[in-house]
Amino acid sequence: MTHNAWTRWPSPEALGRNGLSRPRRLMSWGIRVLVLGMLLWSVFSSKHVHGWGIVLAVAGIAVTGALAWGFWRTTLQHRLVPSLALAVPLLGMAVLAQTAGFDGPALVLWCGCAISALERMPLGAALPVASVALASFAAVNNDVWLTTAATVTGMALAGYVLRLDAEARGSAQRLLAQERAARAAEAESAALAERARIAREIHDVLAHSLSAQLVHLEAARLLIERGADRDRILERVVAARGMARDGLAETRQALSALRGEMTPLEDYLAELVRAADGAEVTITGERRPLPAEASQAVRRVAQEALTNARRHAPGAEVRVRLDYRAHEVTLDVRDSGGSPGELSEPGGGYGLLGMRERAELLGGSLRAGPGEEGFVVTLKVPT
């Protein structure tokens, strides 16, 4: 598509009616009705037209209206040859009107053709049409030459100003359409992100609960096959039952979080460390509500870190520290000793590797590894 100003059409948005305010539409129709009324008045008030002459004049007005409608349609469709083919008969109708003694209608037709061509056609085709129309107007106009020159110049400027106005309106409509498309894409992206968040939450809960249950149930099966005593088998079954109960509670909590019914993060951490023997929590900085994703990431990492501490460093003291900073929140979980656990282990809860991926999706980071005394997990999430 060429961008040459001489061959470029005004956009369909500029030539169409969309984007026109109601007052402008009413004014446009008012001008058309006024022009039609002037033409009819000039026919019926003419003293030298009688009988069939009036019928022919009315027919000429009807033909002119049909040609003008066709010109507007073909320019809207950016069809150059049909537009020129309709502009020429319109100029011819003006010549016929002038020849028949209808000076007023002829001048209106010449001016209308010039303005419409400048407004609706490529400049390379509009200028010749407008030049012929305005030259014909100037040739038959009875005013002094200065008045005629001013009128011709005014008509040309009016057509070009209308063109610029139409192009500005078309540009505004295209920008509005692009903005609407961007908003729709943004809404769709937000919906997809929310679906991904829900899927991630449910996956984390189920993976944690079901994998832990599977380990205990598989151990119970092996004990039964080996003929182990009842107490050992019952211990595994009870442990699996406890995991199922905890998983159900976590599922309810996750669904509440997705509905925006999360308990405050500080209360959650306090409850979490109360359930873990030898754990304590410290909160520093100015407390404030966190985005749902950031809050969930802190909760999951704290839960996973405490689970790993109980599994790999039983009896060790665990210190949980939540630090609110200007643009981020930091969670630090460390135990006082024990054998460092693996970052990912079958049945090992949510998995710190999965938590690291979650933190990176939020633009944060997670580090897990041996510290000075025991194992340290540090999460940083921007807020």
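Please refer to the structure higher up on the page.
Residues numbered from 1 in each chain as written. Predicted model: local features only at pLDDT ≥ 70, side-chain atom pairs only at ≥ 80, totals over all residues. Heavy atoms only, no water.

(A) Representation of the overall build of the protein chain. Assigned secondary structure in the protein chain consists of 11 helices and 5 strands. Across the 383 residues that make up the protein chain, the buried fraction comes to 38%. Taking all contacts inside the protein chain whose residues are at least 6 apart in sequence as the whole, residues at least 24 apart take part in 68%. Carbon and sulfur atoms form 62% of the exposed surface of the protein chain, whose accessible area is close to 22,100 Å². (Helix = DSSP H or I, 4+ residues; strand = E, 2+ residues; numbered from the N terminus. Buried < 20%, exposed > 50% of the residue type's maximum accessible area, 1.4 Å probe, protein only. Contact = heavy atoms within 4.5 Å. Areas by Shrake-Rupley, 256 points an atom, 1.4 Å probe, with all protein chains shown as cover.)

(B) The nonpolar core, seen in detail. With 28 residues, the main nonpolar core has L322, L331 and L379 as its most contacted residues. When residues of this core are assigned to their parent elements, the largest contribution, 7 residues, is made by helix 10 (residues 292-312). (Core = buried A, V, L, I, M, F, W, Y, C linked by side-chain atoms within 4.5 Å.)

(C) Representation of the pairing of strand 5 (residues 375-382) in the model. In terms of residue burial, strand 5 counts as a mostly covered element, since 6 of its 8 residues are buried. When strand 4 (residues 365-370) meets strand 5, the two strands line up antiparallel, connected through 6 bridges. Each bridged residue has a counterpart across the sheet, and for R367 the counterpart in strand 5 is T378. Linking strand 4 back to strand 5 in an antiparallel pair, the connection comprises 4 residues. (Pairing = 2+ DSSP bridges.)

(D) Here's a closer look at the packing of helix 5 (residues 103-120) against helix 6 (residues 123-140). Interhelical geometry of helix 5 versus helix 6 gives an angle of 160 degrees and a closest axis separation of 8 Å. In terms of their interaxial angle, helix 5 and helix 6 are classed as roughly antiparallel. In this structure, the crossing between helix 5 and helix 6 has a hand that is left-handed. Here L107, W110, C111, C113, A114, A117 and L118 of helix 5 lie close against helix 6, whose contacting residues are A126, L127, V129, A130, A133, L134, S136, F137 and V140. (Axes fitted to C-alpha atoms, helices over the stretch in contact; angles between N-to-C directions. Parallel < 35°, antiparallel > 145°, perpendicular 65-115°, else oblique. Left-handed = near helix turned anticlockwise from the far one by under 90°.)

(E) The arrangement of the pairing of strand 1 (residues 279-284) in detail. With 6 bridges joining them, strand 1 and strand 2 (residues 318-324) adopt parallel strand pairing. Of the residues in strand 2, the one forming a bridge with A279 is V318. Viewed along the sheet, the connection from strand 1 through helix 10 into strand 2 turns out left-handed. (Right-handed = clockwise from strand over helix to strand, strands pointing away.)

(F) Region of the structure containing a negative patch on the surface. On the surface, E280, E317, E372 and E373 cluster together to form a negatively charged patch. Of note, E373 is situated in the loop between strand 4 and strand 5. When its relative accessible area of 53% is taken as the criterion, E373 is described as exposed. (Patch = residues over 30% accessible without salt bridge, like charges linked within 9 Å, V, L, I, M, F, W, Y side chains within 5 Å. Salt bridge = Lys/Arg side-chain N within 4 Å of Asp/Glu carboxyl O. Lys, Arg positive; Asp, Glu negative; His and termini not counted. Charge placed at Lys NZ, Arg CZ, Asp CG, Glu CD.)

(G) Geometry of the sheet that holds strand 4. Strand order across the open sheet formed by 5 strands is 1-2-3-5-4, with mixed pairing between neighbours. In this open sheet, the two edge strands, each paired with only one partner strand, are strand 1 and strand 4. Averaged over all pairs of adjacent strands, the angle between strand axes in this sheet comes to 10 degrees, irrespective of strand direction. Pairing analysis gives 7 bridges linking strand 2 to strand 3 (residues 328-335), with the strands arranged antiparallel.

(H) Structural context of helix 6. Taking 1.5 Å per residue, 18 residues should reach 26 Å; helix 6 reaches 25 Å between its end C-alpha atoms and fits that length. For helix 6, the set of buried residues is L123, A125, A126, V129, A130, A133, L134 and F137. The buried residues of helix 6 occupy an angular sector of 150 degrees when the element is viewed end-on, so they sit on one face. (Expected span 1.5 Å × (residues − 1). Arc of directions from axis to C-beta.)

(I) Quick peek at helix 9 (residues 265-274). Of all the positions in helix 9, only L265, E266, Y268, L269, L272 and V273 are classed as buried. Viewed along the axis of helix 9, the buried residues span an arc of 160 degrees, placing them on a single side of the element.

(J) Geometry of unusual backbone geometry. Unusually for a residue other than glycine, H78 sits at a positive phi of about 60 degrees. Residue position: H78 is located in the loop between helix 3 (52-76) and helix 4 (80-99). Residue H78 is classed as partly exposed on the basis of its relative accessible area of 28%.

Interpretation in functional terms is not warranted from these geometric data alone.
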